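Remarks on the overall topology
Here's the letter readout for the chains.
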Amino acid sequence: MSPPVDRIPSDERLPEAADVVIIGGGIIGVSAALHLARQGRSVALIEKGQVGAEQSSRNWGWCRVQGRDPDEIPLAQASLRLWGDMNEVIGGESGFRRTGIIRATRDPAQMAEWEGWAAEAQGMQQHTRVLSATEVKELLPGNTEDFIGGLHTPTDGRAEPSMAAPAIAAGARKLGNVSIHQNCAARGLETTGGRVSAVVTEKGRIRTDAVILSGGAWSSLFLKRHGVTLPAAVVNATAFRTQPGLDLTEGNLSTSAYCLRRRLDGGYTVALSGVGTLELTPENLLNARAFWPMFQKRRKNLRFRLGRRFLDGLRQRADWAMDAPSPFEAERVRDPAPDPALVNRALSSLRAAYPGQRIEVAEAWGGAIDSTPDAVPVISPCEGLPGLTLATGFSGHGFGIGPAAGTLAANLATGEAPIVDPRAFRHSRFLSGEPIRASRSL
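Just so we're clear, the structure is a prediction, and the values are computed from it rather than from any experiment. (Residues numbered from 1 in each chain as written. Predicted model: local features only at pLDDT ≥ 70, side-chain atom pairs only at ≥ 80, totals over all residues. Heavy atoms only, no water.)

**A closer look at the packing of aromatic side chains**
Convention followed: Centres within 6.5 Å are what make two rings of Phe, Tyr or Trp a pair, Trp counting through its six-membered ring; a difference in plane orientation under 30 degrees is then read as stacked, over 60 as edge-to-face, and the rest as tilted. Counting from the N terminus, the helices are the DSSP runs of H or I reaching at least four residues and the strands are the DSSP runs of E reaching at least two. Only protein chains enter the accessibility calculation, which uses a 1.4 Å probe. A residue is then buried if its area is under 20% of the maximum for its type, exposed if over 50%, and partly exposed in between. Counted as over-ring charges are cases with an Arg CZ or a Lys NZ within 6 Å of the ring centre that also lie within 35 degrees of the ring normal.
A complete count under the given rule lists 6 aromatic pairs for this structure. Between the aromatic rings of Trp-83 and Phe-96, the centroid separation amounts to 5.9 Å while the plane-to-plane angle is 15 degrees, which identifies the pairing as stacked. Separated by 13 residues along the polypeptide, Trp-83 in helix H3 (residues 73-90) and Phe-96 in the loop between H3 and strand E4 (101-105) bring together distant segments of the chain. Accessibility assignment for this pair places Trp-83 and Phe-96 in one class, buried. Through a chain of ring-to-ring contacts, the aromatic side chains of Trp-218, Phe-222, Trp-320 and Phe-328 assemble into a single cluster. The ring of Trp-218 carries the charged tip of Arg-334 above its face, separated from the ring centre by 4.5 Å.

**Quick word on the pattern of salt bridges**
Definition in use: Salt-bridge detection follows one rule: a side-chain nitrogen of Lys or Arg within 4 Å of a carboxyl oxygen of Asp or Glu.
Applying the stated criterion across every chain yields a total of 26 salt bridges. Its salt-bridge partner being Asp-71, residue Arg-437 comes within 2.7 Å of it at the nearest N-O pair. In this pair, Arg-437 is assigned in the segment after helix H13 (398-414) and Asp-71 in the loop between strand E3 (62-63) and H3, connecting sequence segments 366 residues apart. In this structure, Arg-358 engages Glu-360 in a salt bridge whose closest nitrogen and oxygen atoms are separated by 3.8 Å.

**Comments concerning the nonpolar core**
Put simply, the rule is: For our purposes a nonpolar core is just a set of buried Ala, Val, Leu, Ile, Met, Phe, Trp, Tyr and Cys residues, chained together by side-chain atoms within 4.5 Å. Contact between two residues is taken to exist if any of their heavy atoms lie within 4.5 Å; hydrogens are not considered.
The biggest cluster of nonpolar side chains holds 57 residues, and the ones touching the most others in it are Ile-22, Ile-27, Leu-75, Trp-83, Ile-212, Ile-379 and Phe-425. Among the elements of the structure, strand E1 (20-23), helix H1 (27-38), strand E2 (43-46), H3, helix H4 (108-122), helix H6 (161-175), strand E8 (178-181) and H13 are those that each provide at least two residues to this core. Apart from the residues lying within four places of it in its own chain, the contact partners of Ile-379 are Leu-75, Leu-390, Ala-391, Phe-394, Ala-405, Leu-408, Ala-409, Leu-412, Pro-422 and Phe-425.

**Section: the sheet that holds E8**
Note the threshold: Each pair of strands is called paired provided DSSP finds at least two bridges between the two strands. Fitting a line to C-alpha atoms yields each axis, with helices limited to the stretch in contact; the angle taken between N-to-C directions then spans 0 to 180 degrees.
What the 6 strands build is an open sheet, ordered E8-E2-E1-E12-E21-E20; its pairing is mixed. The sheet terminates laterally at E8 and strand E20 (378-381), the two strands that pair on one side only. Averaged over all neighbouring strand pairs, the angle between strand axes comes to 15 degrees, with direction disregarded. Across 4 bridges, E2 lies against E8 in parallel orientation. Each bridged residue has a counterpart across the sheet, and for Ala-44 the counterpart in E8 is Ser-179. Sheet contacts for H13: E1, strand E12 (211-213), E20 and strand E21 (388-392); angle to E20, the most-contacted strand, approximately 10 degrees.

**Describing the environment of Thr-134**
By the secondary structure assignment, Thr-134 is in helix H5 (residues 133-139). A sequence separation of 15 residues divides Thr-134 from Gly-149, and the C-alpha atoms of the two residues are 7.8 Å apart.

**Describing the layout of surface pockets**
Here the idea is plain: a probe the size of a water molecule rolls over the atoms and shows the empty space left. For clarity, the threshold we go by: A cavity, in this analysis, means grid points on a 1 Å lattice covering only the protein atoms where a 1.4 Å probe fits yet has no way out; a pocket is instead an open set bounded by protein on both sides within 12 Å along at least five of seven lines, and a residue lines either one if it has an atom within 4 Å of a point. Grid points are joined across faces, edges and corners, and a volume is the space filled by probe spheres set on the points. Only Asp, Glu, Lys and Arg are considered charged, only Ala, Val, Leu, Ile, Met, Phe, Trp, Tyr, Cys and Pro nonpolar, and every remaining residue, Gly among them, polar.
Computed from the structure, the second largest pocket encloses a volume of approximately 630 Å³. Leu-221, Thr-281, Arg-309, Gly-313 and Arg-334 are, among the 23 residues lining the second largest pocket, the residues nearest its centre. Elements with a minimum of two residues in the lining of the second largest pocket: helix H7 (219-224), strand E13 (233-242), helix H8 (282-286), helix H10 (308-315) and helix H11 (327-330). In terms of residue class, the lining of the second largest pocket is made up of 10 nonpolar, 5 polar and 8 charged.

**Quick notes on the packing of H1 against H6**
Selection rule: Roughly parallel covers angles under 35 degrees, roughly antiparallel covers those over 145, roughly perpendicular covers 65 to 115, and oblique covers all other angles. By convention, the crossing between two helices is left-handed when the near helix turns anticlockwise from the far helix through less than a right angle, and right-handed when the turn is clockwise.
Between H1 and H6, the least distance of the axes is 8 Å, while the angle of their chain directions is 20 degrees. Between H1 and H6, the angle is such that the two are roughly parallel. Crossing of H1 against H6: the hand is left-handed. The segment H1 lies against H6, with Ile-27, Val-30, Ser-31, Ala-33, Leu-34, Ala-37 and Arg-38 engaging Ala-164, Ala-165, Ile-168, Ala-169, Gly-171, Ala-172 and Leu-175. In the contact of H1 with H6, the residues fall into 11 nonpolar, 2 polar and 1 charged.

**Considerations on the sheet that holds strand E11 (residues 204-207)**
Pairing within the open sheet is antiparallel, and its 3 strands lie in the order E9-E10-E11. Bordering the open sheet on either side are strand E9 (186-192) and E11, each of which pairs with just one other strand. When the angles between neighbouring strand axes are averaged without regard to direction, this sheet yields 30 degrees. Two elements, E9 and strand E10 (residues 195-201), share 6 bridges in a ladder whose sense is antiparallel. Following the sheet pairing, Glu-190 is matched in E10 by Ala-198.

**A look at empty space enclosed by the protein**
Scanning the model with the defined rule gives 3 cavities of 30 Å³ or more in all. For the largest cavity, the lining is made up of 41 residues, of which Glu-54, Ser-214, Gly-215, Gly-216 and Ala-217 are closest to its centre. Those elements that provide at least two residues to the lining of the largest cavity are H1, helix H2 (55-58), strand E19 (361-371), E21 and H13. Split into classes, the residues belonging to the lining of the largest cavity amount to 19 nonpolar, 16 polar and 6 charged.

Take a look at the structure:
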């Protein structure tokens, strides 16, 4: 079952041309549109389904610096600044609240790793406090677990995934020359002299010399149509929301047994950290070597499934015609089923931790997470296809860095000074033969 997502209307008329065409209406795409609108650029935002309907509405809703891969910390810091002004800028409700994040553990080895991260982050002007067992207990009244310590980042926050992307898209449209086209799949790109010159959609063609691809789990397939390599894997994850009326913590809490976020409706979104199911495809097998370091790090929490998507991958051609329905029109919204075993596992742990609360599942859902081999996104000019900028591969943590990631993609697409140094996110790192490391996130 898919979680509800706020709906916004589409613009009826497809523009003949735009300064920038954005493919994908998730948190990254709409954030890029917002920045471009504030810069006075004309934008066409193309979405094969509904704005925010895939992973941008299915994630945990965390807006954090805490625990990030060090390469992502500057981007996360910039995003928190943008989140802080978001409601005022868009004239709407994104759900952002600066309520802090707590991590708590019983594992001495994990605690040592967290202390090392906090020390490194402090050198990047990011203050995260290392907590003693007593301090964790003081911050989590009602929690009966025997934690040995933790981390607290009070400047981190939360937003509402069901609200944020639609609200930002609507705000971008109010601010500038932005049109939004839902149920309108991009079938491919036209080029002139080796450079992007138009986007072909199921509803017509848009002339442009600047395209941002923020298609999430669909980006790699879109690029394959144009002979561009992007190693990617899609992991299905599960989350659920509780009924309103609970009082566990005001912000976000991460433990080895469950992670939770306070919602505006008074309930909590709950999930398990780092746990998911990898649907095997021919593409996964081809990219196995690139993903090996990440697999070694996370294999205990990763399941494998061989099913329909493997057969789909065998049948899928990369040379579909652009004047006929594309693969993106066959599945408007990817909606994997939640895993009941994971729901029950997290629910049981949460009930044991808070015996004074009556905790029930109101709704559960699945999500499809697009991952890169090092779990760091690609925000970069596309190698081999001038005029195309990539903003994809966010590996399950794109929501919180969405505002700055979209801004960076817009900067690169239009030649502006980048909001942060983009080197860590370059596309070429997966094409040059350089060693691929596992993520350094917590």
